[in-house]
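Architecture and fold: a report
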Amino acid sequence: MKKKIYFILIAIVILIQFYPMDKPTVTIDNPNDLLATTTVPDNISTLLKNACYDCHSNESTFPWYSNVAPVKWMLYDHIYEAREELNFSNWNSLETDDKADLLDDISSMVLEGEMPLKGYTILHSEANLSEEDRELIATWADEMLDLIYE
Ligand code: HEC
């Protein structure tokens, strides 16, 4: 009986792997990338790369477990959604008002602990931002916002 249940479970896990879902594309050379087109202090660019770029850029990395269903369903979805809202790889092609809105959101969401998404930091300790990191990112975003409307 027990053996049968294990067999069924394993069969399900194998079968769901065949459910088709397009993997988000990855491009490393992005001429409109924030970090390629804007002067960003090194400490901030490291924080953004470590804590945001996997979801909010075209440079997502995919560790092995990220390609295994059902994890991949959630993960790919998050990446598609995150890129749609804010994609640092397209930064320089955005309208000024959109940049301003996003900077405002970045500052508040990071300060309030809403970003990076919970769950992500369990497997990515480098994305576990300290209070100080959060303030650094927020201050940087606020300053960028001021520069836009100078
Ligand atoms: C694990 C994936 C993931 C990571 C890592 C992540 N985000 Fe997000 N982010 C999302 C998703 C999904 C959404 C859209 C849904 C939502 O708002 O919760 C989002 C939405 C946002 C938005 C809202 C955009 C808008 O105006 O609607 C901002 C701003 C943002 N993220 C900033 C950040 C910043 C800054 C970091 C790094 C400190 C970060 N995120 C890290 C997945 C992620």
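In short, a report on the structure. (Residues numbered from 1 in each chain as written. Predicted model: local features only at pLDDT ≥ 70, side-chain atom pairs only at ≥ 80, totals over all residues. Heavy atoms only, no water.)

Thoughts on the side chain of N87
Among the secondary structure elements, N87 is positioned in the loop between α4 (71–85) and α5 (96–111). With relative accessibility at 9%, the residue N87 sits in the buried group. A distance of 2.8 Å separates the side chain of N87 from the side chain of N58, its partner in a polar contact. Within the structure, N87 has its side chain in polar contact with the backbone nitrogen of S89 (distance 2.9 Å). Look past the residues within four positions of N87 in its chain and what remains in contact with it is H56, S57 and N58. (Helix = DSSP H or I, 4+ residues; strand = E, 2+ residues; numbered from the N terminus. Buried < 20%, exposed > 50% of the residue type's maximum accessible area, 1.4 Å probe, protein only. Polar contact = N/O pair within 3.5 Å; in protein donor to acceptor, adjacent residues only side chain to side chain. Contact = heavy atoms within 4.5 Å.)

A short note on the coordination of the iron atom of the ligand
Distances from the iron atom of the ligand to its protein donors, H56 (NE2) and M115 (SD), fall within 2.0 to 2.3 Å. Of note is the iron atom of the ligand, whose six donor atoms meet at the metal with angles of 85 to 177 degrees in an arrangement that counts as octahedral. One end of the pair, H56, is in the loop between α3 (42–51) and α4; the other, M115, is in the loop between α5 and α6 (120–123), and 59 residues separate them in sequence. The exposure class of M115 is partly exposed, given its relative accessible area of 24%. (Donors = N, O, S within 2.8 Å, 3.2 Å for Na, K, Ca; no water. Tetrahedral: all angles 85-135°; square planar, octahedral: opposite > 155°, others 65-115°.)

A closer look at the side chain of R134
If you trace the backbone, R134 turns up in helix α7 (residues 131–148). Within the buried core, R134 has no salt-bridge partner, and the shortest N-O distance to an opposite charge, that of E131, equals 5.1 Å. Engagement of the side chain of R134 in a polar contact is seen with the backbone oxygen of V110, the distance being 2.8 Å. (Lys, Arg positive; Asp, Glu negative; His and termini not counted. Salt bridge = Lys/Arg side-chain N within 4 Å of Asp/Glu carboxyl O.)

Overview of α5
The first and last C-alpha atoms of α5 sit 23 Å apart over 16 residues, in line with the 22 Å expected at 1.5 Å per residue. Within α5, burial applies to K99, A100, L102, L103, I106, S107 and V110. The buried side chains of α5 occupy one side of the element, clustering within an arc of 170 degrees when seen end-on. Its buried side turned inward, α5 meets α4 and α7. Looking one or two residues past α5, G113 carries a phi angle of roughly 80 degrees, positive in sign. (Expected span 1.5 Å × (residues − 1). Arc of directions from axis to C-beta.)

Here's the deal with the packing of α5 against α7
At a closest axis distance of 8 Å, the pairing of α5 and α7 adopts a crossing angle of 160 degrees. Viewed along their axes, α5 and α7 adopt a mutual orientation that is roughly antiparallel. α7 is crossed by α5, and the crossing has left-handed handedness. For the pair α5 and α7, the contacting residues are T96, K99, A100, L103, D104, I106, S107, V110 and L111 in the first and R134, E135, I137, A138, W140, A141, D142, M144, L145 and I148 in the second. (Axes fitted to C-alpha atoms, helices over the stretch in contact; angles between N-to-C directions. Parallel < 35°, antiparallel > 145°, perpendicular 65-115°, else oblique. Left-handed = near helix turned anticlockwise from the far one by under 90°.)

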